[in-house]
Amino acid sequence: MIRYISITSLLIALSSIALAQGVQTAANEVAELHRKAEQGDAESQFTLALRYADGDGLKQDDAAAVRWHQKSADQGFALAQLNLGNRYRTGQGIPHDARSAVLWYRKAAEQGLREAEYNLAVSYRKGIGVTQSPPEAIRWYKAAADQGHPQAQGTLGVMYLNGEGVSVDYKESARWFTMAAKQNDIQAQYFLGNLYITGAGVARDLSRAYFWLSVHAAAALLGHRRGDEGAGRAQRD
């Protein structure tokens, strides 16, 4: 007598096989990543650090994440240098050390990594881990802003508006606010709207003022917040 397996049983069996194959593939991938990292490949070391940090295919382990970030950063891998700086800044998996954070931010910033340029600018502006220096802050904000970093652009707008580290320049302030506002920086949208009301640095234009303040208000209602002086984590895109 011929016996037929039910569709449900077949699907369960196939699902189990696929799951087992997926687990084996992931294990092989992690093993290969470890092999390359142990051989000194900086990018693999960085990727392995992220895996340990997130518990992605591995048991989450901050100490291992720091160790592999350090190995990659020591070889000059900019994204690892940024993440290591962030860990020193926050004390995640490593003792808090603002000076070491600045050291690693600088190394990554000097390679042109815009998030590191921004974080270094924040350090100089607030005097965290380094002697406070508005001119140096301006320098690094500009470096990040020229690469399209919206928070750097918005902060430059504030600094030119207030004369922080530079002479007051409403036109320059409006220029930076405009760039940031177009990238959905909520604080820049607010300031730009007000500049259009007063005519400071731009031709007075109430319709544009209404537009930018409306965009700002809508974003605020949706719960958007500007990541002021935050330190972004490098990711693999």
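Residues numbered from 1 in each chain as written. Predicted model: local features only at pLDDT ≥ 70, side-chain atom pairs only at ≥ 80, totals over all residues. Heavy atoms only, no water.

## Details of the nonpolar core
Inside soluble globular proteins, nonpolar side chains tend to come together where they are buried.
At step 1: Counting 35 residues, the largest nonpolar core has Leu120, Tyr141 and Leu156 as its most contacted members.
At step 2: Among the elements of the structure, helix H2 (42–54), helix H3 (62–74), helix H4 (78–90), helix H5 (98–109), helix H6 (114–126), helix H7 (134–145) and helix H8 (150–162) are those that each provide at least two residues to this core.
At step 3: Counting residues in each nonpolar core, the second largest holds 14 residues, with Ala180, Leu195, Tyr196 and Trp212 among its members. (Core = buried A, V, L, I, M, F, W, Y, C linked by side-chain atoms within 4.5 Å. Buried < 20%, exposed > 50% of the residue type's maximum accessible area, 1.4 Å probe, protein only. Helix = DSSP H or I, 4+ residues; strand = E, 2+ residues; numbered from the N terminus.)

## Focus: the packing of aromatic side chains
At step 1: A complete count under the given rule lists five aromatic pairs for this structure.
At step 2: With a centroid separation of 4.9 Å and an interplanar angle of 75 degrees, the aromatic rings of Phe211 and Trp212 are classed as edge-to-face.
At step 3: Residue class for Phe211 comes out partly exposed when judged on its relative accessible area of 45%.
At step 4: Among the residues examined, Trp212 registers a relative accessible area of 11% and is labelled buried.
At step 5: Above the plane of the ring of Trp176 lies Arg175, whose end atom (NZ or CZ) is 4.5 Å from the centre. (Phe/Tyr/Trp six-rings, centres within 6.5 Å; stacked < 30°, edge-to-face > 60°. Lys NZ or Arg CZ within 6 Å of the ring centre and 35° of its normal.)

## Describing the side chain of Arg87
At step 1: When you line up the elements, Arg87 lands in helix H4.
At step 2: Taking relative accessible area as the criterion, Arg87 reaches 5% and is therefore assigned buried.
At step 3: Looking at Arg87, its side chain comes within polar contact range of the side chain of Asp62, at 3.3 Å.
At step 4: Contact partners of Arg87, with chain neighbours within four places excluded, come to Ala53, Asp62, Ala65, Val66, His69, Gln92, Gly93 and Ile94. (Polar contact = N/O pair within 3.5 Å; in protein donor to acceptor, adjacent residues only side chain to side chain. Contact = heavy atoms within 4.5 Å.)

## Things to note about the environment of Phe177
At step 1: Among the secondary structure elements, Phe177 is positioned in helix H9 (residues 170–181).
At step 2: Expressed as a C-alpha distance, the spacing of Phe177 and Ala188, which sit eleven residues apart in the sequence, is 4.9 Å.
At step 3: Excluding residues within four positions of it along the chain, Phe177 makes contact with Gly154, Gly157, Val158, Leu161, Ala188, Phe191, Leu192 and Leu195.

## Some remarks on the packing of H3 against H4
At step 1: Taken N-terminus to C-terminus, the directions of H3 and H4 make an angle of 135 degrees; their axes are 8 Å apart at the nearest point. Taken together, H3 and H4 sit at an angle that is classed as oblique. Note on packing geometry: the crossing formed by H3 with H4 is left-handed. In this structure, H3 uses Asp62, Ala65, Val66, His69, Gln70, Ser72 and Ala73 to contact H4, whose residues at the interface are Ala80, Gln81, Asn83, Leu84, Arg87 and Tyr88.
At step 2: Taken together, the residues that form the contact of H3 with H4 break down as six nonpolar, five polar and two charged. (Axes fitted to C-alpha atoms, helices over the stretch in contact; angles between N-to-C directions. Parallel < 35°, antiparallel > 145°, perpendicular 65-115°, else oblique. Left-handed = near helix turned anticlockwise from the far one by under 90°. Nonpolar A, V, L, I, M, F, W, Y, C, P; charged D, E, K, R; others polar.)

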